[in-house]
Amino acid sequence: MAHDKNKIWTRDFVLIVIVNFFIFTAFQMTLPTLPLFVKEIGASDRWVGLVVGIFTFSALLIRPSAGKMLDTKGRAPVFLTGLLLFVLSMFSLAASFTIALLLAVRIMQGVGWGLSSTSAGTIATDLVPKKRRGEGLGYYGLSGNIALAFGPALGLFLVDQISFTLLFSICGVLGLTALILATNIRYQKPEAPDTSIKEKSTYVPRFDIVERQALPAASLLFFITVTFGGIAAFLPVYTYERGFDPTFIQFYFVIYAAFLMLSRIVAGKLYDKKGITIVFVPGSLAIIAAMILLGIMANPYYLFIAAALYGFGFGCVQPALQAWAVNRADNNRRGMANATFFSAFDMGVGLGAISYGFIAEAFGYSTIYFTSAFSVTLSLILFLFIMRHYRKKDRMAAD
C-alpha cells in the first residue's frame with residue numbers, strides 16, 4: 001500500500017503528461033515563428049515585443065482567478081475552459097493579418113494559456129506523492145521539454161514550406177487533441193481547509209490574489225524568466241542579423257531541450273533529497289554564463305554552448321522552485337500556489353519581451369542578453385538573502 005501511495009506513473013498522471021505535451025508542442029511551434037509573422041506583416045521590433053508580451057500579461061491577469069477557482073470550483077471546469085480558449089485562439093491566429101487583430105487574439109490566447117497551464121500544473125501536483133514531488137514535477141515538465149526539443153525547430157522548418165495560416169491551423173489541431181484527451185482524466189476534488197488548525201499559513205486575505213508561502217520561489221523565478229522573454233521574442237531575429245544559417249536557431253532549441261531534459265531528471269531527485277540550494281545555485285550560474293555567451297555570440301559555437309548551459313540551468317531551477325512553492329503552501333492552497341508561481345513566470349517573460357523590444361531598437365540585440373545576465377544575478381543574490389533569513393528563523397525557533 002505504501003508503495004502505491006508513492007507511485008508516480010499512474011493512469012491519470014500519464015494522461016496529464018500527454019495532454020501537456022500536445023499543449024506545449026502547439027505553443028512551442030508558434031514561439032519562434034510569431035516574431036517572424038509580425039515582421040512579415042510589416043511591424044517593427046517594438047510590435048514584436050508587444051505581441052509576445054501581451055500574451056503573457058493576459059495570462060498573468062487570469063492566473064489568480066484560475067488559482068482560486070481551482071481550489072474552490074474544481075480542476076476540470078477551469079482546465080477544460082482554458083484548453084477550449086487556447087484551441088480557438090490557435091485557429092484564430094490563422095486569420096490574423098493585422099496587428100490589431102493579432103493583439104486581440106493573443107489576449108484570448110493568454111487567457112486560455114493562463115487557465116490551462118495553471119490547471120495542468122495543479123493537476124500534476126495532485127497526482128504526485130509529496131515525498132517525490134520534485135522528481136514527479138521534473139518528469140511532468142519533461143513532456144513540455146520533449147515538445148520543446150522539436151516544436152520550435154518544426155515550426156521554423158514548416159514556415160519555410162507552408163503558409164503561416166496552415167502552420168497555425170496545425171497548432172490548433174494539436175490543441176484540440178489535448179482537449180479531447182483531457183476529458184478522460186479523473187480529476188481530484190479540491191481539499192477543504194483544515195479548520196481545526198489555525199496557523200498563519202492558512203490565513204486567506206480578503207483580496208486573495210497570491211499565495212504568500214509561494215512568493216519567495218515566485219520572486220526568484222521572475223528574475224530568471226525575464227531571460228526567456230528575450231530569447232522567445234528576439235533570438236531568432238538576432239541570429240539572422242548575425243548572418244547565421246537559418247538552421248542554427250533550430251539546433252539551438254534542440255540542444256536547449258536536450259540539456260533541459262537531462263537536468264530535470266537529476267535536479268528533481270536532488271531537490272527531494274538535498275533541498276533547493278544544491279540545484280538553484282549551479283543552475284543560476286549556468287544561465288548567467290549562457291546569457292553572456294549570447295551577448296557576445298562571435299560565432300555559432302557560442303549559440304550552441306549557450307543553449308546547453310541555458311537548458312541545464314533552467315532545468316535545474318524551474319521544477320525545484322515549483323516544488324518548493326507548492327510544498328510550502330497548505331494542501332487546500334495548491335491551486336493558488338501554482339497560480340502565484342506561474343504568474344511570476346508570465347510577468348518575467350512579458351516584461352522581458354516588451355522592455356527588450358525598446359532595448360533592441362535603442363542599443364541592439366546583444367544588449368538584451370547582457371541585461372538578462374544581470375537579472376539572473378539579482379535572482380541569485382535574492383536567493384542567498386532568503387536562505388539566510390530562513391536559517392536565522394530556524395535558529396531562533398530552535399532556541
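Because the structure is predicted, anything quoted here is derived from the model rather than measured. (Residues numbered from 1 in each chain as written. Predicted model: local features only at pLDDT ≥ 70, side-chain atom pairs only at ≥ 80, totals over all residues. Heavy atoms only, no water.)

A. Looking closely at the overall build of the protein chain. The helix and strand inventory of the protein chain stands at 14 helices and zero strands. Of the regular secondary structure in the protein chain, the N- to C-terminal order runs α-α-α-α-α-α-α-α-α-α-α-α-α-α. The globule rule puts the C-alpha radius of gyration for 399 residues at 21 Å, and the 20 Å found for the protein chain is close to it. Its C-alpha atoms put the protein chain at 60 × 45 × 40 Å along the principal axes. For the protein chain, the proportion of its 399 residues judged to be buried stands at 57%. (Helix = DSSP H or I, 4+ residues; strand = E, 2+ residues; numbered from the N terminus. Rg over C-alpha atoms; globule rule 2.2 N^0.38 Å. Buried < 20%, exposed > 50% of the residue type's maximum accessible area, 1.4 Å probe, protein only.)

B. Local environment of the pattern of salt bridges. Scanning all chains against the criterion turns up six salt bridges. Put simply, arginine 75 and aspartate 71 hold a salt bridge, and the shortest N to O gap is 3.6 Å. Note on arginine 75: relative accessible area 2%, which makes it buried. In this structure, the salt-bridge partner of glutamate 211 is arginine 333, at a minimum N-O distance of 2.7 Å. Placement of the pair is glutamate 211 in the loop between α8 (164-182) and α9 (215-241) and arginine 333 in the loop between α12 (300-328) and α13 (334-363), with a sequence separation of 122 residues. Judged by its relative accessible area of 7%, arginine 333 falls in the buried class. Overlapping salt bridges, with partners in common, bring together Arg11, Asp12 and Arg186 in one network. (Salt bridge = Lys/Arg side-chain N within 4 Å of Asp/Glu carboxyl O.)

C. How the structure looks around helix α3 (residues 33-40). Of all eight residues in α3, six are buried, a share of seventy percent or more. Thr33, Leu34, Pro35, Leu36, Phe37 and Val38 are the residues of α3 that are buried.

D. Inspection of the packing of α9 against α13 at higher detail. It is the contact of α9 with α13, at a shortest axis distance of 6 Å, that shows an interaxial angle of 40 degrees. Between α9 and α13 the crossing geometry is right-handed. Contacts between α9 and α13 involve Leu215, Ala218, Leu221, Phe222, Thr225, Val226, Phe228, Gly229, Gly230, Ala233 and Phe234 on the former and, on the latter, Thr340, Phe341, Ala344, Phe345, Met347, Gly348, Val349, Leu351, Gly352, Ala353, Tyr356 and Gly357. (Axes fitted to C-alpha atoms, helices over the stretch in contact; angles between N-to-C directions. Left-handed = near helix turned anticlockwise from the far one by under 90°. Contact = heavy atoms within 4.5 Å.)

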